[in-house]
Amino acid sequence: MPAVAPSPADLDVSAVRAAVLDWYDANARVLPWRRPPGSDAAVDPYRVWLSEVMLQQTTVPHAKPYFERFTARWPTVSDLAAAEDGALMAAWAGLGYYARARNLLACARAVARDHAGVFPDTEAGLLALPGVGAYTAAAVAAIAFDRPANVVDGNVERVVARLFAVETPMPAAKPELKRLAAMLIADDRPGDWAQALMDLGSTICRPKSPLCLMCPIRAHCAGRATGDPERYPVKTKKAAKPHRQGVAWVLRDGQGRVALVRRPDKGLLGGMLGLPTGTWSDGPPDEAPPSVADWRDAGAVEHVFTHFSLTLAVRVARGEGDFDWTPEAEALDALPTVFRKALERGLGAEDPLEPGSEP
Ligand code: SF4
């Protein structure tokens with residue numbers, strides 16, 4: 001059995017690569033945007049790009065049905081480029097990080113307009129597209145075009161941090177992890193390599209309780225040799241997230257419709273449909289309702305965004321006004337998660353006009 005390398009320079013890179021690729025050949029996850037490992041079948045760069053954008057900050061099981069719906073509705077990048085902004089934003093609802101949906105559309109339109117609907121096949125060409133960052137460019141270059149690009153997502157960072165027992169805490173360790181990951185790249189099967197390392201991180205080298213006994217590179221792993229691989233990547237203590245409070249107003253018209261508003265393009269949930277709501281601040285909310293009505297308290301919902309957590313009080317009423325009146329079932333599908341939660345609570349509350357309600 002090979003010994004754990006005392007330093008990165010001593011790692012038997014060929015042995016590590018062979019072990020990971022052999023493992024991948026037998027254990028690759030079957031995903032709708034992939035070709036089988038080792039296959040020469042053409043990969044559709046549109047599907048790879050779309051999946052990578054969806055998978056940023058989203059799990060595979062959560063992204064899969066979205067991917068299937070998107071590709072059924074917009075089978076090519078040119079179809080997506082022709083989509084209405086509102087239709088795409090509604091289809092994206094629930095995936096979060098809505099700036100990505102706007103970037104998705106900008107990128108699809110640039111590919112359709114400037115590249116005749118064909119994605120550039122190099123990392124540099126991909127990077128020049130609007131909304132395509134270093135990670136996505138590397139992932140599409142490797143997976144769709146078999147370019148030896150250094151694809152480093154959270155799964156890969158974890159495997160590399162453990163393999164080399166990197167002691168630098170995150171996020172300062174990121175450049176070091178990227179450099180170490182680059183040591184493992186070769187011209188042989190670069191697309192499979194990128195996916196193999198991601199799969200290894202996702203299914204074996206899991207954040208909690210890594211399955212070291214099943215790991216193809218356990219004999220090389222310095223993290224495992226320490227006896228506490230889970231400690232890597234070393235974390236920096238997180239500052240507590242700020243907490244904000246606000247109100248979501250659920251105004252119903254008595255004909256099965258609810259009042260929605262289109263949010264401003266810039267800012268949080270920009271361009272999405274939402275319930276009327278005011279400013280979210282760190283004190284108790286004190287804002288005027290969006291219309292005169294008999295408003296009732298319907299409790300509150302909690303939501304956690306990347307940079308803050310939120311308690312949203314829900315108030316319900318029957319009424320009218322100048323809003324985007326939307327059938328309730330349709331609104332539940334189209335709203336981003338925070339507003340969907342608030343609407344569900346509002347719809348579940350006692351209807352002020354139902355017989356038997358307190359005046
Ligand atoms: S041996 Fe364990 S810690 Fe090391 S890469 Fe494999 S699963 Fe991760």
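Please refer to the structure higher up on the page.
Described in the following lines is the structure provided in the data block. Just so it is clear, the model here is predicted, and its values are computed rather than measured.

A word on the packing of aromatic side chains
Part 1: Counted under the stated rule, the structure contains 11 aromatic pairs.
Part 2: Residues tryptophan 33 and phenylalanine 67 carry aromatic rings whose centres are separated by 5.0 Å and whose planes lie at 70° to one another, so their mutual orientation is edge-to-face. You can see tryptophan 33 sitting in the loop between helix 1 (13–27) and helix 2 (45–55) and its partner phenylalanine 67 sitting in helix 3 (residues 60–73), a full 34 residues away along the chain.
Part 3: On the basis of relative accessible area, tryptophan 33 is assigned to the buried category, the value being 8%.
Part 4: On the numbers, 6.0 Å between centres and 80° between planes, the contact of phenylalanine 70 with tryptophan 92 is edge-to-face. Of this pair, phenylalanine 70 sits in helix 3 while tryptophan 92 sits in helix 5 (residues 85–92), placing them 22 residues apart in sequence.
Part 5: Exposure remark for phenylalanine 70: the relative accessible area of 1% places this residue in the buried category.

Overview of the pairing of strand 5 (residues 309–318)
Looking along a regular strand, one sees side chains alternate from face to face of the sheet.
Part 1: Summarising burial for strand 5: eight of the 10 residues are buried, a large majority.
Part 2: Looking at chain direction, strand 1 (residues 243–252) and strand 5 are connected through 10 bridges and run parallel. The residue bridging arginine 244 from the neighbouring strand is leucine 310, located in strand 5.
Part 3: By the bridge criterion, seven bridges tie strand 4 (residues 296–304) to strand 5 in an arrangement that is antiparallel. Along strand 5, the bridge assignment pairs glutamate 302 with threonine 311.
Part 4: Turn length for the strand 4-strand 5 hairpin, with the two strands adjacent in sequence and antiparallel, is four residues.

Here's the deal with the site of the ligand
Part 1: Inspection of the region around the ligand gives Arg162, Ile204, Cys205, Cys212, Cys215, Ile217, Arg218, Cys221, Arg224 and Pro229 as its neighbouring residues.
Part 2: Assessed atom by atom at 2 Å from the grid points, the ligand resides in the largest cavity.

So, how was this worked out
- Residues numbered from 1 in each chain as written.
- Predicted model: local features only at pLDDT ≥ 70, side-chain atom pairs only at ≥ 80, totals over all residues.
- Heavy atoms only, no water.
- Phe/Tyr/Trp six-rings, centres within 6.5 Å; stacked < 30°, edge-to-face > 60°.
- Helix = DSSP H or I, 4+ residues; strand = E, 2+ residues; numbered from the N terminus.
- Buried < 20%, exposed > 50% of the residue type's maximum accessible area, 1.4 Å probe, protein only.
- Pairing = 2+ DSSP bridges.
- Near = heavy atom within 4 Å.
- 1 Å grid on protein atoms, 1.4 Å probe; cavity = no way out; pocket = protein on both sides within 12 Å on 5 of 7 lines; lining within 4 Å.
- Sits in = over half its atoms within 2 Å of the grid points.

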